Amino acid sequence: MMAPSGLGALSGLPALVRLNLRRDRVMLPIWLASTAALAAIGPRSAQTLLPTQADYDAFAATAQGNAAFTVMLGQPLQVNTPGGFISYRVGIFLAVLVCFMNITVVNRHTRADEEAGRTELTRSGVVGRNAPLTAALGVALLADLVVLLVVPAVLIANGLPTVGSIALGVSSAVAGLVFAGIASVAAQLNAFARGAYGLSAALIGVSYLVRGVGDSAAPALSWFSPLGWFKAVRPFAGERWWVLLVSLAFAAAMVWLGYLLAGRRDLGAGALQPRAGRLSAAPSLSSSFALAVRLQRGTFVGWLVGMLVLGVTYGSVAKSVTDLFDENPALRRYLEIAGGGDPVQAFIAAAALIMALIGSGFALQTSLRAHGEEGAGRVEPLLGAAVSKVGWLGSYVIIAVVGTIVMLVAAGFGFGLVHGIRSGDLGQVGVVIAAMLVYAPAVWVLIGAALMLVGLWPAGTPAVWGLLAACLVLTFFGSALDLPQWLIDLSPFAHVPGLPSAEMAWPPLLWLTLIAAALIGVGLVGFRRRDLQTP
């Protein structure tokens, strides 16, 4: 039978869009609420950190030409105004959040559905060849339209200029569309959902780094980054609307390429064929732990390289923060949230906290991988052999716990080595690694929460990403938002001593370790007692 073409290729599209929206009825509101909350944090933090125009002027004078914050946040444009400051401080994080929302939506409804067999089931009905991809992109587009409306509404309600608010909302939504297109291509290239997610997320990271290097050293380089295009719109600083056309043209090209690749591959296969494996497993794969390590090898290496590069990036700018904080008391107050004291030590403490939160992504991804294997039906054959349920799930726990330590050490080593070379003190390597390792118990608590959900409430495992986002907001913005201390203390990261600017405190780390052990134990017992979930 010939594949349908033209409008026939989109048969069943309205029903698929409604189905996708129903399946995302919890996830999408959480993403959109997080976007609105991040937009709302900007004006509130501006009022707290920079209460007077003199503070704005001092901030603008010291931020100009400072490589450290240009790499992290972009070029400081009109930062002596509330709008410019908010766009500078929150804008890039807002765009990255929207980009991750888009790649999640597109991959979830394309490659993940195809891998789980749901696409084959729906295609057995009156559903055209291009309808699943179009439905996924349609849901992403609807979510971006909500971002386009909500972000300006939040900013305008806080008294910011209308044009700049609209520009920030539109540029965030368009950045999301760009990565929706990239995700549509990644979903066609990879035969597995984790590969599609990994490729899309890696491209967000590459885009961020290219923009950072371009903004700080070679402006022309920023034009090779979609996030560079986002910053080039310049909300609140003389908007350049024509840059949006560049992003839209690239997004359209990616979507076209996605459809092209989708039409040239078989259902269930990727355009890039995976390498054929051996007919028999190597002796090193004779245990469930070895198999788990093998399955996580690519993810582990990718995260390890990413954390090392992140540490090197922070280490390369650490020395330059001294002048900035000496001249600006407002920024010093900001860093005091992470420990205070010497500016460089405070910067190390703040950077360690940021990198620990980012590294938590590896820990959660590894913990939830076990649930993904269960949902794909690959666990039942394993447990048919001499493998216990606790032993199998425990393999992923060990990888997550030990891998967390490795990630923190890698980031600390990269940071400390570069900072030590620049400052002439290689003893900084040990200082920064220690500052990273104290966050291991806090990350383990998140691992425990993920395992508890896997064991007791598998359907609720996506909520652990919301828990990570809540930790980020409570830790970084809890004080700026005047949240009650008991609420801030719900984050395990709030109890970790911010080394090296704070004194070491062992009791909170011990308590966090015990809590993590208890949560992991509950998860293992719950998993042993419940039935497997099969597709």
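Please refer to the structure placed before this passage.
Here we summarise the structure given alongside this text. Computed from a predicted structure; not experimentally measured. (Residues numbered from 1 in each chain as written. Predicted model: local features only at pLDDT ≥ 70, side-chain atom pairs only at ≥ 80, totals over all residues. Heavy atoms only, no water.)

**Focus: the layout of surface pockets**
Okay, so step 1: Estimated volume of the second largest pocket: approximately 340 Å³.
Okay, so step 2: Considering the residues around the second largest pocket, the lining is formed by 18 residues, among which Gln-75, Leu-77, Lys-231, Ala-232 and Arg-234 are closest to the centre.
Okay, so step 3: At the level of secondary structure, the elements contributing two or more residues to the lining of the second largest pocket comprise helix 5 (82-109), helix 10 (193-216) and helix 11 (226-232).
Okay, so step 4: With 4 residues, the top contributor of residues to the lining of the second largest pocket is helix 11. (1 Å grid on protein atoms, 1.4 Å probe; cavity = no way out; pocket = protein on both sides within 12 Å on 5 of 7 lines; lining within 4 Å. Points joined across faces, edges and corners; volume = space filled by probe spheres on them. Helix = DSSP H or I, 4+ residues; strand = E, 2+ residues; numbered from the N terminus.)

**Considering unusual backbone geometry**
Okay, so step 1: A cis amide bond, omega 5°, links Leu-499 with the succeeding residue Pro-500.
Okay, so step 2: Checked against the element boundaries, Pro-500 lands in the loop between helix 22 (485-488) and helix 23 (506-529).
Okay, so step 3: In this model, Gln-78 sits at a positive phi of 50°, which is unusual for a non-glycine residue.
Okay, so step 4: Within the secondary structure layout, Gln-78 lies in the loop between helix 4 (67-73) and helix 5.
Okay, so step 5: Take Gln-78: its relative accessible area is 44%, and that puts it in the partly exposed class.
Okay, so step 6: The phi dihedral of Arg-234 falls on the positive side, at around 60°, and the residue is not glycine. (Buried < 20%, exposed > 50% of the residue type's maximum accessible area, 1.4 Å probe, protein only.)

**Some remarks on the packing of aromatic side chains**
Okay, so step 1: The final tally for this structure, using the stated rule, is 12 aromatic pairs.
Okay, so step 2: Measuring from centroid to centroid gives 5.9 Å for Phe-300 and Phe-362, while their planes differ by 70°, and the two rings are edge-to-face. A residue pair is termed long-range when its members are at least 10 positions apart, and Phe-300 in helix 13 (residues 288-318) and Phe-362 in helix 16 (residues 343-375) qualify at 62 residues.
Okay, so step 3: Accessibility expressed as a relative area gives 25% for Phe-300, which makes it partly exposed.
Okay, so step 4: By relative accessible area, which is 0% here, Phe-362 ends up buried.
Okay, so step 5: By the ring-pair criterion, three or more aromatic residues cluster together here, those being Tyr-56, Phe-59, Phe-85 and Tyr-88. (Phe/Tyr/Trp six-rings, centres within 6.5 Å; stacked < 30°, edge-to-face > 60°.)

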